[in-house]
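Descriptive structure summary
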Amino acid sequence: MSNQRLKSKRAVITGGGSGIGREIAKRLAADGAEVGIFEINSDNATETIEEIKQAGGLAQAIECDIADNGAVKEAVYQFTKDNPTIDILINNAGIAHIGNVESTSAEDLDKIYNVNVKGVYNGMNTVVPIMVAQGGGAIVNLASVASKIGITDRFAYSMSKGAVLTMTLSVARDYIEKNIRCNCVCPGRVHTPFVDQYLDKHYPDNREEMFEKLSKWQPIGRMGKPSEIASLVSYLVSDEASFITGSAYDVDGGTTLLR
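First, a word on scope: everything that follows refers to the structure included in this document. (Residues numbered from 1 in each chain as written. Predicted model: local features only at pLDDT ≥ 70, side-chain atom pairs only at ≥ 80, totals over all residues. Heavy atoms only, no water.)

Looking only at helices and strands, one finds 8 helices and 7 strands in the protein chain. For 259 residues, the compact-globule estimate of 2.2 N^0.38 gives 18 Å, and the C-alpha radius of gyration of the protein chain, at 18 Å, lies within 12% of that figure. Considered along the principal axes of its C-alpha atoms, the protein chain spans approximately 50 × 40 × 35 Å. Counting every position in the protein chain, which comprises 259 residues, the buried fraction comes to 48%. Taking contacts inside the protein chain between residues at least 6 apart in sequence as the whole, the part at least 24 apart equals 74%. When the accessible surface of the protein chain is split by element, carbon and sulfur atoms take 51% of a total near 12500 Å². Of the charged side chains in the protein chain, 26 are positive and 32 negative, and the gap between their average positions amounts to 5 Å. (Helix = DSSP H or I, 4+ residues; strand = E, 2+ residues; numbered from the N terminus. Rg over C-alpha atoms; globule rule 2.2 N^0.38 Å. Buried < 20%, exposed > 50% of the residue type's maximum accessible area, 1.4 Å probe, protein only. Contact = heavy atoms within 4.5 Å. Areas by Shrake-Rupley, 256 points an atom, 1.4 Å probe, with all protein chains shown as cover. Lys, Arg positive; Asp, Glu negative; His and termini not counted. Charge placed at Lys NZ, Arg CZ, Asp CG, Glu CD.)

Given below as structure tokens:
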């Protein structure tokens, strides 16, 4: 469903080539935004762009490693060279890691930090000045239920998503008088290609059993859909949500209720 709530808006989505990011990009475009996808995997980005354009939307892909501040600044330059505005920033790109504090190496921690924490910083560090200059904007960061609750064997990942939550609160507070709203979304387990690949790799002999177990981890009895995350993101960056900033939204099938 689309209501063109984002007509004439320009949006940057990091990691918009697959999974939740792809659905967010498609939804924002369907709701009228001109979308710029910053994606390290150019093939994935091209597929998303083609889907958006076939549906009549406006989109472009820019290859970018969001862990590299200079690369993010160059990508933003490319997106704004013909039109200097960015109304919406979605910091979605991220990577996962499994392990506790003992099994997480220093290299593992650095890798997660560089993408999941520094990548969000790089996006906001580059785009917020543009939003200040133009008089406002809306930011949504993808955090996680791991930002709020303890999850087994997710030491580095939880560290990174806790940082995303607190960066969200900091930017919301610092820029409220600049008309910049900053919120985050905290999904539970969402059924994306990453989940399927994980199951294929680690549980080839009992894939369906593990899929059911992962699904029932959420009290609602299933995993989330990327489109459900995208629907909330579209609302949060729209003018309909103009009274909302500094909030963290759980989209987790009741996971945080019972833990």
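Ordered by their spatial adjacency, 7 strands build an open sheet running β3-β2-β1-β4-β5-β6-β7, and the pairing between neighbours is parallel. The strands lining the two open edges of the sheet, one partner per strand, are β3 (58-63) and β7 (248-251). Taken pair by pair, the neighbouring strands of this sheet meet at an average axis angle of 20°, ignoring direction. Note: strand β1 (residues 10-14) against strand β2 (residues 34-39), 5 bridges, orientation parallel. When the bridges of β2 are listed, Arg-10 appears paired with Glu-34. Strands β1, β2, β3, β4 (88-91) and β5 (137-142) of the sheet are contacted by helix α1 (residues 19-30), whose axis makes an angle of about 175° with β1. The strands touched by helix α8 (residues 226-236) are β4, β5, β6 (180-187) and β7; relative to β6, the strand with the most contacts, the crossing angle is about 165°. (Pairing = 2+ DSSP bridges. Axes fitted to C-alpha atoms, helices over the stretch in contact; angles between N-to-C directions.)

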